[in-house]
Amino acid sequence: MRPKAGYDKMNITGREKPAKSEIRKVAGYMEENKETLELLRKIEKNNRLQTWSGYARTALVLVCAVCMVVLTVAVLKLMPQINAILGQTQNAVNQVSTVLDYLEHTSYQLSQVDLQGMVSGVEGLVTTGQQSLEATMEKLNSIDFDALNKAIEDLAAVTKSLSNVTRIFGR
C-alpha cells in the first residue's frame, strides 16, 4: 500500500508539518521577542531609578525647606536682640550728637569770653563730656556681644549649609 499524496508532509497528529521557512520565521519572531523583552526590562529598571531619584529630590527639597524654616526661626528669634542693640546704638549716637551740640555751643561761648571765662567753660564741657561718655560706655557695656557673636556664627553656619545644599542642586 502506498500512502496518499502529501501524506509524507504530515506528522503523527495528522497535521501538516511546518515548512523550514516557517520555522525560521518563528525563530526570528522569538529573537525579536527576546530583544523586546530585554528592552522592556531596561525601561523598567530605568523607571525604578527615576522613581528613586524623585524620592531623593523630594527628600532634598524637604531638607532645604527645614533649613529655611530653622534659619527663619533663628532670625526671628534674634530680631528682638538686634532691635535692642540698634536702639542702644541710636541712644549712644543721640548722646554723641548732644555732646557735639554742647561742644559747638561751648566753642561759640569761648569765642565770646575772655581767658578766665574760657577756662570755666572748658571745665564744664569736660564734665559734661565725661558724664555723657560714662553714660555711653554704660550703654555699650550692657550690650551682650557674646550673644551677638554667637548669633552671627549660628547664622553663618546655617548659611554655609544652605550654600552647600544649593551647590548640590546647581550641578
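No experiment lies behind these values; they were computed from the predicted model shown.

Colleague: Would you explain the overall build of the chain in this entry?
Modeller: Summing up its helical and strand segments, the chain has three helices and zero strands in all. Across the 171 residues in the chain, those meeting the buried criterion constitute 8%. Intrachain contacts of the chain at a sequence separation of at least 6 include 65% that bridge at least 24 residues. Only carbon and sulfur atoms are counted for the fraction: they give 62% of the accessible area of the chain, which is about 14600 Å².

Colleague: Help me understand the side chain of Thr 136, please; the structure alone is not making it clear to me.
Modeller: Tracing the backbone through its elements, the reader meets Thr 136 in helix H2 (residues 115–141). Thr 136 sits in the buried class, given a relative accessible area of 8%. Contact partners of Thr 136, with chain neighbours within four places excluded, come to Ala 92 and Gln 95.

Colleague: Even after reading the chapter, I still don't get the side chain of Ser 132, so can you show me in this structure?
Modeller: Relative to the helices and strands, Ser 132 is located in helix H2. By relative accessible area, which is 15% here, Ser 132 ends up buried. If we ignore the near neighbours within four places in the chain, the residues touching Ser 132 are Gln 95 and Val 99.

Colleague: I would appreciate a short explanation of the pattern of salt bridges in the present structure.
Modeller: Where charged atoms from two side chains of opposite charge approach closely, those side chains can pair. A full pass over the atoms with the stated rule returns three salt bridges. In this structure, Glu 44 engages Arg 48 in a salt bridge whose closest nitrogen and oxygen atoms are separated by 3.5 Å. Remark: Arg 48 and Glu 44 occur in helix H1 (residues 20–112); sequence separation between them is four residues, near one turn of the helix. You can call Glu 44 partly exposed: its relative accessible area is 43%. The salt bridge partner of Asp 154 is Lys 150, with a shortest N-O separation of 2.9 Å. With a gap of four residues between them, Asp 154 and Lys 150 both fall in helix H3 (residues 145–170), about one helical turn apart. For Asp 154, a relative accessible area of 36% gives the class partly exposed.

Colleague: Help me out: how do you make sense of the packing of aromatic side chains in this one?
Modeller: We describe a pair of aromatic rings using the distance from one ring centre to the other and the angle between the two ring planes. Applying the stated rule across the entire model yields one aromatic pair. For the pair Trp 52 and Tyr 55, a centre-to-centre distance of 5.3 Å together with 80° between the ring planes defines the contact as edge-to-face. Taken together, the residues span about one helical turn, with Trp 52 and Tyr 55 both in helix H1 at a distance of three residues. Take Trp 52: its relative accessible area is 59%, and that puts it in the exposed class.

Colleague: How should the environment of Thr 106 be read in this particular structure?
Modeller: Turning to its location among the elements, Thr 106 is positioned in helix H1. With a relative accessible area of 9%, Thr 106 lands in the buried category. Put simply, Thr 106 and Leu 125 are 19 residues apart on the chain and 7.1 Å apart in space, counted from C-alpha to C-alpha. Once you skip the residues sitting within four places of it in the chain, Thr 106 turns out to touch Gly 121 and Leu 125.

Analysis parameters
Residues numbered from 1 in each chain as written. Predicted model: local features only at pLDDT ≥ 70, side-chain atom pairs only at ≥ 80, totals over all residues. Heavy atoms only, no water. Helix = DSSP H or I, 4+ residues; strand = E, 2+ residues; numbered from the N terminus. Buried < 20%, exposed > 50% of the residue type's maximum accessible area, 1.4 Å probe, protein only. Contact = heavy atoms within 4.5 Å. Areas by Shrake-Rupley, 256 points an atom, 1.4 Å probe, with all protein chains shown as cover. Salt bridge = Lys/Arg side-chain N within 4 Å of Asp/Glu carboxyl O. Phe/Tyr/Trp six-rings, centres within 6.5 Å; stacked < 30°, edge-to-face > 60°.

Limitation: the analysis is restricted to geometry and does not speak to function.
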